[in-house]
There are 2 protein chains.
Amino acid sequence: MKNKSNLNINQFLKHISLDCVVFGFHENQLKVLLLRMKKTQEWALPGGFVQEDESMELAANRVLKVRTGLDHIFLNQFHVFSDPERSNINPAVPDVLEFGITFNDADWFNQRFISVGFYALVEFSLVQPKPDLLSDICEWISLDEIGSLMMDHRQILDKALETLRLQLVFQPIGYNLLPEKFTMPELQKLYETILGKELDRRNFQRKILAYNIISKLDEVRQGVPHKAPSLYRFNPENYQKALNEGLGGKW
Amino acid sequence: MKNKSNLNINQFLKHISLDCVVFGFHENQLKVLLLRMKKTQEWALPGGFVQEDESMELAANRVLKVRTGLDHIFLNQFHVFSDPERSNINPAVPDVLEFGITFNDADWFNQRFISVGFYALVEFSLVQPKPDLLSDICEWISLDEIGSLMMDHRQILDKALETLRLQLVFQPIGYNLLPEKFTMPELQKLYETILGKELDRRNFQRKILAYNIISKLDEVRQGVPHKAPSLYRFNPENYQKALNEGLGGKW
């Protein structure tokens, strides 16, 4: 059953790793892409190491391409996690050894790692989750069903969410998280899910329309009970402008 | 003239460095703390490496304490600089060798470094700039007088400034940059300097007062020609609240 891996640990920079918090939105729930480690059955964020000739961004894109099937995921660096105690015992090591990965320095995985956190917002429907060598499951888990994670990954997830919430105040969101056409309640639900609180329907609608980033279409959502809700679409030009310049409070 | 240094390079993590953009405001100018390298005469940001038992934050505080005399500088991580080409030729090496620093691995300084950028806003008057082993000058340079810097330090400075500008939209600023009591024109000048553009006097005053973070005092600035301008002071409670919750656009 064991395959010798052709993974050459020595191609990677020592001490430096990256972890990715990939958010998707599906059926009114914010989900995060997680892996389950084979040995410990602990859940973990997808992550990896940096090759000699890669920037952190290239490395993160490489890791996520393998994990999701997607090219050119839009990633944001959001924090560096560098507690000296965060990685001195790496629970992935049993999986590494089990899998038969060989590396010159037997303690390579057990050395101290400083990890750069990235987050990404992706279209849920386009992702084809794929476990890595050390995990048996890779799947979307709803934010409210996520408990403890491997190492400090829960802290990394929480910090990504905190960053996303802060960003919600001054930047638009939703482009990669909602389908092309969406209803106002769907957009509101996305905001509520990220913020972790309910918002007033009328205030939300007034505020989001004032930003001028969405356009109402001459269509309604078909096949729903009661009154069919209107569909909206992001206005790409204004959305991009708001991304660059910030929403509202410009000096 | 040469002193053997007791700096033990091997106490530091390989591949990881940090660079600090320290902003101060003096005589209506935004200034940045820079070092001039002895050999190359190039200007550089204060920076350093990470000890085995330090977080990035502790390392940055240690570096800045030596460079400024200040304890507990409030530092913000803002970006990781990881272009593989950024440090493959380190112009500080001649200074290192000249100074007689010895280390086991002769290429230690020439290896690839991924650098975590921090920025800090400090009280100009409290800082006692002090060069490091490799530099002969450490001083405040006005933003508009800074040209090219060592390695990618100019890019790091520009990114710090970009982050500060973005933050200006949703967070208050000025607490550590202005004296305890300041005039409205002084506060406006700080904003204008960071933003790199002039602001309308009345709009600025209306907007900043609406944030409720400054209080007008029953005092005027003495000893100035013409009409003596009123003095203001930050309201610490509201300022902290605005730091935590953001200015204006709360969802």
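All residue numbers refer to positions counted from 1 along the written sequence of the respective chain. Throughout, the order in which chains and ligands are written sets their labels, letters from A for the former and numbers from 1 for the latter. Per-residue local features are limited, in this predicted model, to residues with pLDDT of at least 70; the limit for side-chain atom pairs, both in listing and counting, is 80 or more; totals at the level of whole chains, interfaces and linings are taken over all residues. With hydrogens and water stripped out, all remaining heavy atoms of the structure feed into the side-chain values.

Points about helix α3 (residues 153-170) of chain A
- Runs of E in the DSSP output that reach at least two residues are strands. Runs of H or I that reach at least four are helices, and both are numbered from the N terminus. Here the expected span of a helix is defined as 1.5 Å times the quantity of residues minus one. Taking 1.5 Å per residue, 18 residues should reach 26 Å; α3 of chain A reaches 26 Å between its end C-alpha atoms and fits that length.
- Within α3 of chain A, burial applies to H153, I156, L157, A160, L161, L164, L168, V169 and F170 of chain A. Note on classification: 1.4 Å probe, protein chains only; a residue is buried when its accessible area is under 20% of the maximum for its type, exposed when over 50%, partly exposed between these limits.

Examining the packing of helix α4 (residues 184-195) of chain A against helix α5 (residues 201-210) of chain A
All names here are of chain A.
- Lines fitted to C-alpha atoms define the axes here, with helix axes fitted over just the stretch in contact, and angles between the N-to-C directions of these axes take values from 0 to 180 degrees. For the pair α4 and α5, interaxial distance at closest approach is 11 Å and the crossing angle is 95°. One finds that α4 runs roughly perpendicular with respect to α5. Residues M184, L187, Q188 and Y191 of α4 form the contact with α5, whose own contacting residues are R201, F204, Q205, I208 and L209.
- In this count, Pro and Cys sit with the nonpolar residues alongside Ala, Val, Leu, Ile, Met, Phe, Trp and Tyr, while Asp, Glu, Lys and Arg are called charged and the others, Gly among them, polar. The residue makeup of the contact of α4 with α5, split by class, is six nonpolar, two polar and one charged. Relative orientations are named as follows: roughly parallel for angles under 35 degrees, roughly antiparallel for angles over 145 degrees, roughly perpendicular for angles from 65 to 115 degrees, and oblique for any other angle. In this analysis, two residues are considered to be in contact whenever any of their non-hydrogen atoms come within 4.5 Å of each other.

A closer look at the sheet that holds strand β8 (residues 182-183) of chain A
All names here are of chain A.
- By definition, two strands form a pair when at least two bridges between them are found by DSSP. Taken in spatial order, the three strands of this open sheet run β8-β10-β9, and their pairing is antiparallel. One side of each edge strand has no neighbouring strand; the edge strands of this open sheet are β8 and β9 (214-220).
- In this structure, β8 lies alongside strand β10 (residues 230-234), joined through two bridges in antiparallel fashion. Looking across to β10, one finds that T183 is bridged to L231.

Some details on the relation of the copies chain A and chain B
- The copies were overlaid by least squares, fitting only the C-alpha atoms of residues that reach a pLDDT of 70 or more in each copy. Of the transformation placing chain A onto chain B, the axial shift is 0.0 Å and the rotation is 180°, giving an RMSD of 0.0 Å. Expressed as an axis order, the relation between the two copies is that of a two-fold axis.
- An overlap of 100% is found between the interface residues of chain A and their copies at the interface of chain B, pointing to a shared contact surface.

Some words on the domain arrangement of chain A
Residue and element names in this part refer to chain A.
- Domain parsing of chain A yields domain 1 (9-168) and domain 2 (172-245).
- An automatic or database domain assignment is the source of the domain bounds shown. Once you take the C-alpha centre of each, domain 1 and domain 2 turn out to be 30 Å apart.
- Taken together, the contacts link 13 residues of domain 1 with twelve residues of domain 2.
- Put simply, buried area is how much 1.4 Å-probe accessible surface two parts lose in total, over both of them, once they are put together. Around 1,200 Å² of area is buried between domain 1 and domain 2 when both sides are counted, 71% of it from carbon and sulfur atoms.
- Criterion for a salt bridge: a side-chain nitrogen of Lys or Arg within 4 Å of a carboxyl oxygen of Asp or Glu. At the junction of domain 1 with domain 2, the criterion picks out zero salt bridges.
- Identification of polar contacts relies on pairs of N or O atoms within 3.5 Å, with a donor-acceptor requirement for protein atoms, meaning one able to donate a hydrogen and the other able to accept it, and with residues adjacent in sequence counted only if both atoms are side-chain atoms. Counting the contacts that link domain 1 with domain 2 gives two residue pairs in polar contact (both at pLDDT 80 or more).
- Listed by contribution, the elements that provide at least two residues to the side of domain 1 that touches domain 2 are β1 (12-26), β2 (29-37) and α3.
- Tallying contributions element by element places α3 first for the side of domain 1 that touches domain 2, with four residues.
- Looking at the side of domain 1 that touches domain 2 residue by residue, the classes come out as eight nonpolar, three polar and two charged.

Things to note about the pattern of salt bridges
Residue and element names in this part refer to chain A.
- According to the stated counting rule, one finds 20 salt bridges over all chains in the structure shown.
- Between D152 and R86 there is a salt bridge whose closest N-O contact spans 2.6 Å. Of this pair, D152 sits in the loop between β7 (135-142) and α3 while R86 sits in the loop between β5 (75-81) and α2 (93-99); the two residues are 66 residues apart in sequence, bridging distant segments of the chain. Comparing D152 with R86, the two get one shared label, buried.

Brief notes about the sheet that holds strand β10 (residues 230-234) of chain B
- Judged by pairing direction, the sheet is antiparallel, and its three strands sit side by side in the order β8-β10-β9 (chain B) without closing on themselves. The open sheet has two edge strands with one neighbour each: β8 (182-183) and β9 (214-220) of chain B.

Here's the deal with the side chain of E54 of chain B
- By the secondary structure assignment, E54 of chain B is in the loop between β4 (47-51) and α1 (56-68).
- Since its relative accessible area comes to 6%, E54 of chain B is described here as buried.
- Among the polar contacts listed, one links the side chain of E54 of chain B to the side chain of R62 of chain B, at a separation of 2.5 Å.
- Among residues more than four places away in sequence, those in contact with E54 of chain B are S82, P84 and R112 of chain A together with F49, A59 and R62 of chain B.

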